[in-house]
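Notes for the structure review
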Amino acid sequence: MHTQQSQVPFVDLGAQYHTISGEITEAVSKVLRESDFILGREVSLFEEEFASFCEAKWAIGVDSGTSALELALRAYEIGPGDEVITAANSFIASALAISHAGATPVLVDVDADTYTIDVAAIEKAITPRTKAIIPVHLYGHPADMDAIAQLAQRHGLVVIEDACQAHGARYKGKRTGSLGHAAAFSFYPGKNLGAYGDGGAVVTSDHAFAKRLEMLRNYGQKEKYQHMFRGYNRRLDTLQAAVLRIKLKYLEEWNEARRQHAKTYCRLLEQIGVVVPRAATTSESVWHLYVIRIDQRDALKEHLTTRGIGVGIHYPIPIHLQPAYRDLGYRPGDFPVTEDYARRILSLPMYAELTPEIIGRVAETLSEFGITKQTPATWSMPLQPSVYPAG
Ligand SMILES: *Cc1c(COP(=O)(O)O)cnc(C)c1O
């Protein structure tokens, strides 16, 4: 029997808090002392700093990533009668935001290598009603944005990045948040940049759009009690902005740690026959999730869980097969890559505070499972070597 060892959680928010608790206490106390709770100074400072981090002109703080996507669609006046294309393999919020804006989500399959939206499939899904594309930078890996931008330009479509899992990732050297007309970020606690509650931001370099968004999130208000249109109450809290300002200073360092952990995982796991994730040569992933593929997924999940290793599945039921979207009329078989992967993907523990020892333990526990012959991976695009050069 395996020896009794400490648990390896899937994420460990406490470990990160431990490293910054003094700064956090101070920042939070300051907001409390000043009672500057709504659209306070920390919000505008965070917005400036986050826009600059994304190499874009404006960031507008909102109450969640889902709101960021929905308000971005609304600011572009996308709504009833319009279609918006997004990936079938994403968190449900990518589609919910489209529905909440009143538009219809049109789902397409993902690329078998990078798990991001399949650009050829987008082109086939475009109709005269299509208004926008929401590519998802899934697991922290940017979608193929140049190809998407070309397609969008040809068809006159808006591109809104779903960057909720990809704070700080790069595509051809450029930051997520600067790759489309606008981008939506989530600061849900488990994201690479996470608040201590819900939060989100819309990032853009389009001035008129930014101004409209600022009003949309704040009752459509231009000046106090002057309402230009029927807006919402969807603001980022000052307390969360204060927390995010502290954490943003460490984000590059934390993302770099994730990158190193991904290398360590790849090196150890490929030796034992696991299909490991790989990044396109165009992209620098921030490894929000480290997702392997394995045919005996459910048995392996059980094996790891019973030995104290936290794992996840992102996502077990594709959006088009969710009860919430039955009315869209999709069927099993519509998106073969997404459906195949839903049965074979497994997310291993991934957070900056992991250590090579912990990763070694995860890999060892995986090897004890006795991985048998796997469905071979088929690589169709230039990818970075799975085992990265040392260092
Ligand atoms: C987390 C997430 C969202 C939604 O963000 P919330 O802040 O939870 O509303 C949207 N899209 C993707 C891909 C996400 O991972």
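What you see as residue numbers is a count from 1 along each chain, following the sequence as written. Given that the model is predicted, a residue must reach a pLDDT of at least 70 before its local features are reported, and side-chain atom pairs must reach 80 or more before they are shown or counted; all residues, however, enter totals for whole chains, interfaces and linings. The side-chain quantities take in all heavy atoms of the structure and omit both hydrogens and water.

Between any two strands, at least two bridges found by DSSP are needed for them to pair. Secondary structure is summarised from DSSP: a helix means a run of H or I of at least four residues, a strand means a run of E of at least two, and numbering begins at the N terminus for each. The strand order β1-β9-β8-β5-β4-β2-β3 describes an open sheet built from seven strands, whose pairing is mixed. Edge positions in the sheet fall to β1 (58-62) and β3 (104-108), since each has one partner strand and no second. Within the sheet, the average angular offset between the axes of one strand and its neighbour, ignoring direction, is 25 degrees. Summarising the sheet, strand β2 (residues 83-87) and β3 pair through five bridges and their orientation is parallel. When the sheet's bridge partners are listed, Thr86 is paired in β3 with Leu107. Pairs of residues are marked as contacts when any of their non-hydrogen atoms sit within 4.5 Å. Axes here refer to lines fitted to C-alpha atoms; in helices the fit is confined to the stretch in contact. Angles between the N-to-C directions go from 0 to 180 degrees. Contacting β1, β8 (182-186) and β9 (200-204), helix α7 (residues 207-216) crosses the sheet at an angle of about 20 degrees to β1.

The subject of this paragraph is the site of the ligand. Near, as used in this document, describes a residue that has one of its heavy atoms within 4 Å of the molecule or strand being considered. As a matter of local geometry, the ligand sits amid 14 residues, with Gly65, Thr66, Asp162, Ser186 and Lys191 nearest to it. Counting of polar contacts relies on pairs of N or O atoms within 3.5 Å, with two restrictions inside protein: one atom must be capable of donating a hydrogen and the other of accepting it, and residues adjacent in sequence are counted only when both atoms are side-chain atoms. Between Gly65 and the ligand, the recorded distance is 2.8 Å, taken from a backbone N or O atom to an oxygen atom. A distance of 2.9 Å separates an oxygen atom of the ligand from a polar side-chain atom of Lys191. For every accessible area listed, the method is Shrake-Rupley and the probe measures 1.4 Å; residues are considered covered only by the protein chains on display. For the ligand, whose unbound accessible area comes to 380 Å², protein coverage reaches 93%. Put simply, the parts of the chain that give the shell around the ligand at least two residues each are α3 (65-75) and α4 (93-100).

Helix α8 (residues 238-248) packs onto helix α2 (residues 41-53) with a crossing angle of 40 degrees between their chain directions and a minimal axis gap of 8 Å. In the packing of α2 onto α8, the handedness of the crossing is left-handed. Seen from α2, the contacting residues are Glu42, Val43, Leu45, Phe46, Glu49, Phe50 and Phe53; seen from α8, they are Thr238, Ala241, Ala242, Leu244, Arg245 and Leu248. Each helix crossing is assigned a hand: it is left-handed if the near helix lies turned anticlockwise from the far helix by less than a right angle, otherwise right-handed if that turn is clockwise.

Attention shifts here to the pairing of strand β13 (residues 290-293). Neither face of β13 is left uncovered, since the one carrying Tyr290 and Ile292 and the one carrying Val291 and Arg293 both have all their residues buried. Looking at chain direction, β13 and strand β14 (residues 345-348) are connected through four bridges and run antiparallel. Residue Ile292 lies in a different strand from β14, and its bridge partner there is Leu346. Throughout this description, buried means an accessible area under 20% of the type-specific maximum (1.4 Å probe, protein chains only), exposed means over 50%, and partly exposed covers the range between.

Boundaries of every domain are those given by an automatic assignment or by a domain database. Each assigned domain of the protein is listed here: domain 1 (13-248) and domain 2 (251-369). Inter-centroid distance (C-alpha atoms) of domain 1 to domain 2 is 24 Å. The interface is formed by 44 residues belonging to domain 1 together with 34 residues belonging to domain 2. Here the quantity called buried area is the total loss of accessible area, with a 1.4 Å probe, experienced by two parts when brought into contact, counted for both. Here domain 1 and domain 2 share an interface that buries about 3400 Å² over both sides, 59% of which is from carbon and sulfur atoms. When residues of domain 1 are sorted by the area they lose upon contact with domain 2, Tyr115, Tyr139 and Asn192 head the list and together hold 21% of the total. Any Lys or Arg side-chain nitrogen located within 4 Å of an Asp or Glu carboxyl oxygen qualifies as a salt bridge. Between the two partners, domain 1 and domain 2, sit one salt bridge. For Arg175, the salt bridge goes to Glu252, with nearest N and O atoms at 3.1 Å. Here domain 1 is connected to domain 2 by 25 residue pairs in polar contact (both at pLDDT 80 or more). Of all the secondary structure elements, the ones that give two or more residues to the side of domain 1 that touches domain 2 are α1 (13-34), α4, β3, β6 (170-171) and α8. Counting residues per element, the side of domain 1 that touches domain 2 draws most heavily on β3, at five residues.

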